[in-house]
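# Structural overview
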Amino acid sequence: DISDSCFAGCSSLLLVILSNSVKSIGSGAFSKCSSLGQIIIPYSVTSIGSSAFLGCTSLMQMTIPSTVTSIEDQTFLGCSTLTQITIPPSVSSIGEGAFSGCSLLIEITIPSTITVIKNQTFRNCSSLRRISIPSSVTSIGNFAFSGCSSLSHITIPSSVTTIGDNAFDCCSFLTEISIPSSVK
(Lines give C-alpha, C1' and ligand atoms only; values in the text may rest on other atoms or scores of the structure.)
Protein backbone atom coordinates (compact mmCIF):
# COMPACT_ATOMS: atom_id res chain seq x y z
CA ASP A 1 0.00 0.00 0.00
CA ILE A 2 1.03 3.61 -0.56
CA SER A 3 0.62 5.09 2.91
CA ASP A 4 -0.93 8.47 3.81
CA SER A 5 1.11 11.49 2.66
CA CYS A 6 3.90 9.13 1.54
CA PHE A 7 5.06 11.32 -1.37
CA ALA A 8 3.31 14.56 -0.38
CA GLY A 9 5.18 17.63 -1.51
CA CYS A 10 7.64 15.80 -3.77
CA SER A 11 7.58 18.72 -6.19
CA SER A 12 10.11 17.23 -8.67
CA LEU A 13 8.25 13.92 -9.14
CA LEU A 14 7.22 13.66 -12.82
CA LEU A 15 5.95 10.10 -13.39
CA VAL A 16 4.63 7.34 -11.14
CA ILE A 17 4.12 3.75 -12.23
CA LEU A 18 2.61 1.63 -9.47
CA SER A 19 3.26 -2.11 -9.37
CA ASN A 20 0.50 -4.70 -9.47
CA SER A 21 1.02 -5.40 -5.78
CA VAL A 22 -0.37 -1.99 -4.70
CA LYS A 23 -3.91 -2.28 -3.32
CA SER A 24 -4.56 1.21 -1.98
CA ILE A 25 -3.38 4.80 -2.32
CA GLY A 26 -3.53 6.55 1.04
CA SER A 27 -4.93 9.97 1.91
CA GLY A 28 -2.72 12.76 0.59
CA ALA A 29 -0.28 10.21 -0.84
CA PHE A 30 0.73 12.40 -3.80
CA SER A 31 -0.69 15.74 -2.65
CA LYS A 32 1.17 18.84 -3.78
CA CYS A 33 3.38 16.90 -6.20
CA SER A 34 3.24 19.93 -8.46
CA SER A 35 5.30 18.41 -11.32
CA LEU A 36 3.48 15.06 -11.43
CA GLY A 37 2.19 14.79 -14.98
CA GLN A 38 1.28 11.12 -15.19
CA ILE A 39 0.45 8.26 -12.87
CA ILE A 40 -0.33 4.73 -13.95
CA ILE A 41 -2.63 2.97 -11.52
CA PRO A 42 -2.86 -0.83 -11.85
CA TYR A 43 -6.04 -2.91 -11.54
CA SER A 44 -4.86 -4.17 -8.16
CA VAL A 45 -5.80 -0.79 -6.60
CA THR A 46 -9.23 -0.82 -4.96
CA SER A 47 -9.18 2.44 -3.00
CA ILE A 48 -7.84 5.96 -3.43
CA GLY A 49 -7.78 8.07 -0.25
CA SER A 50 -8.99 11.60 0.26
CA SER A 51 -6.79 14.39 -1.10
CA ALA A 52 -4.59 11.76 -2.77
CA PHE A 53 -3.82 14.06 -5.71
CA LEU A 54 -4.72 17.41 -4.14
CA GLY A 55 -2.76 20.25 -5.76
CA CYS A 56 -1.14 18.11 -8.45
CA THR A 57 -1.12 21.08 -10.79
CA SER A 58 0.62 19.28 -13.69
CA LEU A 59 -1.62 16.19 -13.80
CA MET A 60 -3.39 16.24 -17.17
CA GLN A 61 -5.24 12.96 -17.48
CA MET A 62 -5.94 9.88 -15.48
CA THR A 63 -7.69 6.57 -15.89
CA ILE A 64 -9.11 5.16 -12.72
CA PRO A 65 -9.09 1.35 -12.89
CA SER A 66 -12.38 -0.52 -12.76
CA THR A 67 -11.38 -2.08 -9.44
CA VAL A 68 -11.80 1.24 -7.57
CA THR A 69 -15.18 1.58 -5.86
CA SER A 70 -15.01 5.12 -4.44
CA ILE A 71 -13.37 8.47 -5.06
CA GLU A 72 -12.90 10.11 -1.68
CA ASP A 73 -13.26 13.75 -0.58
CA GLN A 74 -11.06 16.29 -2.38
CA THR A 75 -9.15 13.58 -4.28
CA PHE A 76 -8.41 15.85 -7.24
CA LEU A 77 -8.96 19.22 -5.55
CA GLY A 78 -6.97 21.92 -7.31
CA CYS A 79 -5.73 19.73 -10.18
CA SER A 80 -6.01 22.75 -12.44
CA THR A 81 -4.44 21.04 -15.49
CA LEU A 82 -6.61 17.88 -15.42
CA THR A 83 -8.41 17.81 -18.78
CA GLN A 84 -9.62 14.24 -18.93
CA ILE A 85 -10.63 11.60 -16.42
CA THR A 86 -12.43 8.33 -16.80
CA ILE A 87 -14.65 7.21 -13.93
CA PRO A 88 -15.40 3.49 -14.23
CA PRO A 89 -18.83 2.03 -13.43
CA SER A 90 -17.31 0.27 -10.40
CA VAL A 91 -17.26 3.63 -8.56
CA SER A 92 -20.33 3.93 -6.35
CA SER A 93 -19.32 7.04 -4.41
CA ILE A 94 -17.64 10.34 -5.31
CA GLY A 95 -16.61 12.38 -2.27
CA GLU A 96 -17.23 16.03 -1.46
CA GLY A 97 -15.10 18.40 -3.49
CA ALA A 98 -13.55 15.46 -5.38
CA PHE A 99 -13.04 17.46 -8.60
CA SER A 100 -13.31 20.97 -7.18
CA GLY A 101 -10.98 23.40 -8.91
CA CYS A 102 -10.25 21.16 -11.91
CA SER A 103 -10.55 24.24 -14.08
CA LEU A 104 -9.56 22.58 -17.40
CA LEU A 105 -11.86 19.56 -17.12
CA ILE A 106 -14.17 19.85 -20.14
CA GLU A 107 -16.42 16.81 -19.98
CA ILE A 108 -17.22 14.11 -17.46
CA THR A 109 -19.62 11.20 -17.45
CA ILE A 110 -20.96 10.13 -14.10
CA PRO A 111 -21.50 6.36 -13.96
CA SER A 112 -24.97 5.00 -13.22
CA THR A 113 -23.68 3.55 -9.93
CA ILE A 114 -23.64 7.05 -8.38
CA THR A 115 -26.72 8.03 -6.36
CA VAL A 116 -25.57 11.32 -4.82
CA ILE A 117 -23.59 14.24 -6.27
CA LYS A 118 -22.13 15.53 -3.03
CA ASN A 119 -21.33 19.07 -1.88
CA GLN A 120 -18.83 20.95 -4.06
CA THR A 121 -18.04 17.88 -6.19
CA PHE A 122 -17.50 19.90 -9.39
CA ARG A 123 -17.17 23.39 -7.88
CA ASN A 124 -15.10 25.81 -9.99
CA CYS A 125 -14.69 23.41 -12.90
CA SER A 126 -14.86 26.49 -15.08
CA SER A 127 -14.20 24.70 -18.41
CA LEU A 128 -16.82 21.98 -17.83
CA ARG A 129 -19.12 22.13 -20.84
CA ARG A 130 -20.88 18.80 -20.68
CA ILE A 131 -21.97 16.57 -17.87
CA SER A 132 -24.26 13.61 -18.02
CA ILE A 133 -26.23 12.96 -14.83
CA PRO A 134 -27.55 9.39 -14.76
CA SER A 135 -31.05 8.47 -13.61
CA SER A 136 -29.54 6.77 -10.55
CA VAL A 137 -28.82 10.18 -8.95
CA THR A 138 -31.35 11.21 -6.30
CA SER A 139 -29.63 14.24 -4.77
CA ILE A 140 -27.41 17.12 -5.90
CA GLY A 141 -25.47 18.71 -3.04
CA ASN A 142 -24.69 22.28 -2.04
CA PHE A 143 -22.39 24.13 -4.48
CA ALA A 144 -22.12 20.90 -6.54
CA PHE A 145 -21.69 22.78 -9.85
CA SER A 146 -21.01 26.26 -8.49
CA GLY A 147 -18.58 28.19 -10.68
CA CYS A 148 -19.01 25.90 -13.69
CA SER A 149 -19.11 28.98 -15.88
CA SER A 150 -18.85 27.11 -19.23
CA LEU A 151 -21.82 24.82 -18.55
CA SER A 152 -24.54 25.90 -20.99
CA HIS A 153 -27.32 23.41 -20.27
CA ILE A 154 -28.06 20.55 -17.95
CA THR A 155 -30.83 18.00 -17.71
CA ILE A 156 -31.70 16.83 -14.24
CA PRO A 157 -33.19 13.33 -14.31
CA SER A 158 -36.58 12.59 -12.74
CA SER A 159 -34.87 10.50 -10.06
CA VAL A 160 -33.56 13.69 -8.38
CA THR A 161 -35.61 14.82 -5.39
CA THR A 162 -33.21 17.33 -3.81
CA ILE A 163 -31.06 20.15 -5.20
CA GLY A 164 -28.82 21.78 -2.58
CA ASP A 165 -28.09 25.43 -1.86
CA ASN A 166 -26.13 27.27 -4.56
CA ALA A 167 -25.86 24.08 -6.61
CA PHE A 168 -25.56 26.12 -9.84
CA ASP A 169 -24.24 29.38 -8.36
CA CYS A 170 -22.09 31.42 -10.77
CA CYS A 171 -22.92 29.26 -13.79
CA SER A 172 -22.91 32.38 -15.92
CA PHE A 173 -23.17 30.58 -19.28
CA LEU A 174 -26.11 28.38 -18.23
CA THR A 175 -28.96 29.09 -20.66
CA GLU A 176 -31.14 26.07 -20.13
CA ILE A 177 -31.97 23.79 -17.20
CA SER A 178 -34.71 21.23 -16.96
CA ILE A 179 -35.95 20.59 -13.42
CA PRO A 180 -38.27 17.61 -13.07
CA SER A 181 -41.40 17.58 -10.90
CA SER A 182 -39.72 15.02 -8.60
CA VAL A 183 -37.65 17.83 -7.05
CA LYS A 184 -39.14 18.77 -3.71
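Given the structure is predicted, the values throughout are model-derived calculations rather than measurements.

## Topic: the side chain of Ser51
Looking at the element boundaries, Ser51 is found in the loop between β4 (47–48) and β5 (61–63). Relative accessible area serves as the criterion here: at 17%, Ser51 is assigned to the buried category. When residues no more than four places from it in sequence are discounted, the contact partners of Ser51 are Gly28, Ser31, Asp73, Gln74 and Thr75.

## Observations concerning the side chain of Ser70
Structurally, Ser70 can be placed in strand β6 (residues 70–71). For Ser70, the side chain forms a polar contact with the side chain of Glu72, separated by 2.8 Å.

## Side note on the sheet that holds strand β14 (residues 162–163)
Strand order in the open sheet formed by three strands is β10-β12-β14, with parallel pairing between adjacent strands. Two strands lie at the open edges of the sheet, namely β10 (116–117) and β14, each paired on one side alone.

## A few points about the confidence of the model for the protein chain
Here the protein chain averages 94 in pLDDT, and 100% of its residues register 70 or above. Mean pLDDT in the protein chain bottoms out at strand β7 (residues 84–86), which sits at 85, and peaks at strand β12 (residues 139–140), which reaches 98.

## Some details on the packing of aromatic side chains
The final tally for this structure, using the stated rule, is seven aromatic pairs. For the pair Phe76 and Phe99, a centre-to-centre distance of 5.4 Å together with 5 degrees between the ring planes defines the contact as stacked. Taken as a pair, Phe76 in the loop between β6 and β7 and Phe99 in the loop between β8 (93–94) and β9 (107–109) lie far apart in primary sequence, 23 residues in all. The exposure class assigned to Phe76 is buried, which follows from its relative accessible area of 1%. For the ring pair Phe99 and Phe122, a centre distance of 5.6 Å and an interplane angle of 5 degrees mean the geometry is stacked.

Here is what the cut-offs are and how they apply
Residues numbered from 1 in each chain as written. Predicted model: local features only at pLDDT ≥ 70, side-chain atom pairs only at ≥ 80, totals over all residues. Heavy atoms only, no water. Helix = DSSP H or I, 4+ residues; strand = E, 2+ residues; numbered from the N terminus. Buried < 20%, exposed > 50% of the residue type's maximum accessible area, 1.4 Å probe, protein only. Contact = heavy atoms within 4.5 Å. Polar contact = N/O pair within 3.5 Å; in protein donor to acceptor, adjacent residues only side chain to side chain. Pairing = 2+ DSSP bridges. pLDDT = per-residue confidence, 0-100. Phe/Tyr/Trp six-rings, centres within 6.5 Å; stacked < 30°, edge-to-face > 60°.

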